[in-house]
Structure formats: structure tokens, C-alpha cells
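Read off the chains here:
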Amino acid sequence: MSLPSAPSEGGHDTDPVAPEGIVDRASWREAVTARLPSLRAFAWSLSRNGADADDLVQETLTKAWTYRDRFEPGTNLRAWLFTILRNSWYSSVAKRSREVADEDGRHAARLTAEGSQEWTVELSALRHALDDLPPEHREAIVMVGAAGLSYEEAAEIAGCALGTIKSRVNRARNRLAEAMDMPRGAA
């Protein structure tokens, strides 16, 4: 979110408290406080709810105070504050459009996720079993089984005969099945 630089309407603010002379915290606080009624009215016109309007004004004041060094004295403070309020409103509307109302918890109760512990244990066991394979068998099974290469492509990459790759993949599968307590041929 970017905060506005202070827009200028004719160069000067038309509110009763002129922004000129805002040089310290007390002057800044006084100038902003003088605009609270108009900020509150604008916030209510957007939200149509008193509590939401109050929250919006509070958020605007917090942002204005945080970024007060970006305001240029002599420009339109009211317009700068209204821009911050309007941008905050649009941000909250966009955020609310992504939220799901679930006061009674029904939506949350329908959300489920399968446990991942079993898969994590099996994956860890598979990693250890792969690590225990001879390097040429591990390379062959990874190329054919994980990378999806054909036997011919794997043989060319490994620089060996087609029968050698087939043999290495078969031996690797059998050793993995044995290490994972699976029946032979199931790996």
C-alpha cells in the first residue's frame, strides 16, 4: 500500500486550521484533530456503520501519524487524510471479499487435511533405502523411476548398454522393495 503524497488544491488547505506552520508534534496533532468530524463523516458514508467508521478513522490516524513526515506543509491536509482513509477503506473491502463468514464454525468444521505423518515416515525410509543402494543402481532407478526417462535415454546418459540399465533398475527395485518390506516386484 502506498500512501499519498500531499495533493494540493490551489496550494492551501481550506479547512479552518491551516496546515501552514505544522512544524512540531503539537501543531500536527492540533491540525489533524480539527479534521476528525469530517473524517468520521466520510468514514461513515463509506461503511454505513458507526463501529466500522470509528475503526477506519483510527486506522487513518495511525497511518497519518506514522507517515506524517511525508506530508508537505502548505498542501491540503484534509485531502491527504481523506486519501489515506479512502485507500484504507478499499483495502479492507478487498480483504473482506477474500474472507469467509463463519460465526458458528460450520465452514471450519468441514475443512480437513489428511495426516502427513505416515507419508513423512515412508519418504524418510525411502530416502535411507536409496542412500544404501550402490551409486550406479541409485542413478538408474532415479533416471527411470523418478525422472521418467526411457531405458534407452537412461542408458545413453549413463554411457552403458541398454541391458545394463535394465539390470541396474531391476536390482535397485528389488533392493528397495526388500528395504521397504514390500513384496518383490512391487517397488
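Note that the coordinates shown come from a computational prediction; the quantities given were computed from them, not determined experimentally. Chains are numbered independently. Their residues run from 1 in the order of the written sequence. Since the coordinates come from a predicted model, pLDDT governs what is reported: local features require at least 70, and pairs of side-chain atoms require 80 or more to be given and counted, while whole-chain, interface and lining totals use all residues. Water and hydrogen atoms were dropped before computing side-chain values, which therefore reflect all heavy atoms in the structure.

*Asks:* Can you explain the overall build of the protein? Please cite residues and give values.
*Replies:* Put simply, DSSP marks the helices as runs of H or I at least four residues long and the strands as runs of E at least two long, and each gets a number from the N terminus on. A count of helices and strands for the protein gives 9 helices and 0 strands. Listing the helices and strands of the protein from first to last along the sequence gives α-α-α-α-α-α-α-α-α. Residue burial is assigned from relative accessible area. The probe radius is 1.4 Å, only protein chains are included, and a residue is buried under 20% of its type maximum, exposed over 50%, and partly exposed in between. Out of the 187 residues in the protein, the part that is buried amounts to 26%. Note on contacts: a residue pair is in contact if any heavy atoms of the two residues lie within 4.5 Å. Residue pairs at least 24 apart in sequence account for 59% of intrachain contacts in the protein once pairs closer than 6 positions are excluded. Note on areas: these come from Shrake-Rupley sampling with a 1.4 Å probe, and a residue is covered only by the protein chains present in the view. For the protein, the accessible area works out to roughly 12300 Å², and carbon and sulfur atoms hold 51% of it.

*Asks:* How would you explain the packing of helix α7 (residues 135-146) against helix α9 (residues 162-179) if you had to name every residue and give the values?
*Replies:* It is the contact of α7 with α9, at a shortest axis distance of 8 Å, that shows an interaxial angle of 95 degrees. Put simply, α7 runs roughly perpendicular to α9. Here Glu 136, His 137, Ala 140, Ile 141, Met 143 and Val 144 of α7 lie close against α9, whose contacting residues are Ile 165, Arg 168, Val 169, Arg 171, Ala 172, Arg 173 and Leu 176. Under the scheme applied here, ten amino acids are nonpolar (Ala, Val, Leu, Ile, Met, Phe, Trp, Tyr, Cys and Pro), four are charged (Asp, Glu, Lys and Arg), and all others, including Gly, are polar. The residue makeup of the contact of α7 with α9, split by class, is 8 nonpolar, 1 polar and 4 charged. Axis angles are defined between N-to-C directions and span 0 to 180 degrees, where every axis is a line fitted to C-alpha atoms and, for a helix, only to the segment in contact. Each angle is binned into one of four classes, with values under 35 degrees roughly parallel, values over 145 roughly antiparallel, values of 65 to 115 roughly perpendicular, and all other values oblique.

*Asks:* Before we move on, can you summarise the environment of Ala 125 with the specific residues and values?
*Replies:* Within the secondary structure, Ala 125 is located in helix α6 (residues 117-132). For Ala 125, a relative accessible area of 33% puts it in the partly exposed group. As a C-alpha pair, Ala 125 and Ala 179 span 54 residues in sequence and 8.3 Å in three-dimensional space.

*Asks:* Pulling in residues and values, what's your account of the packing of helix α3 (residues 50-66) against helix α4 (residues 77-98)?
*Replies:* Viewed as axis vectors pointing N to C, α3 and α4 meet at an angle of 120 degrees, and their least axial separation amounts to 9 Å. In terms of axis orientation, α3 runs oblique to α4. The two elements α3 and α4 meet at a crossing, and its hand is right-handed. Packed against α3, whose contacting residues are Leu 56, Val 57, Glu 59, Thr 60, Lys 63 and Ala 64, the element α4 presents Trp 80, Leu 81, Ile 84, Leu 85, Ser 88 and Trp 89 at the interface. When grouped by side-chain class, the residues that make up the contact of α3 with α4 number 8 nonpolar, 2 polar and 2 charged. Handedness of a crossing follows from how the near helix is turned relative to the far one, being left-handed for an anticlockwise turn of less than a right angle and right-handed for a clockwise one.

*Asks:* Talk me through unusual backbone geometry; I want residue IDs and the actual numbers.
*Replies:* Even without being a glycine, Arg 48 presents a positive backbone phi close to 60 degrees. Locating Arg 48 in the fold gives a position in the loop between α2 (36-47) and α3. You can call Arg 48 exposed: its relative accessible area is 58%.

*Asks:* Break down the nonpolar core for me, with residues and values.
*Replies:* One broad trend across soluble globular proteins is that nonpolar side chains are buried collectively. We define a nonpolar core as any set of buried Ala, Val, Leu, Ile, Met, Phe, Trp, Tyr and Cys residues linked to one another through side-chain atoms lying within 4.5 Å. Of all hydrophobic cores here, the largest spans 17 residues; its most connected members are Trp 28, Leu 77, Trp 80 and Leu 81. Among the secondary structure elements, those contributing two or more residues to this core are α1 (25-33), α2, α3 and α4. Sort the elements by how many residues they give to this core and α4 lands first, with 7 residues. Ile 141, Ala 155, Ala 172 and Leu 176 belong to the second-largest nonpolar core, a separate cluster that totals 12 residues.

*Asks:* Give a detailed account of the environment of Val 57, specifying residues and quantitative values.
*Replies:* Position of Val 57 relative to the elements: it lies in helix α3. Judged by relative accessible area, Val 57 falls into the buried class, the value being 8%. For the pair formed by Val 57 and Phe 42, sequence separation is 15 residues and the distance between their alpha carbons is 9.1 Å. Excluding residues within four positions of it along the chain, Val 57 makes contact with Leu 36, Leu 39, Arg 40, Ala 43 and Leu 85.

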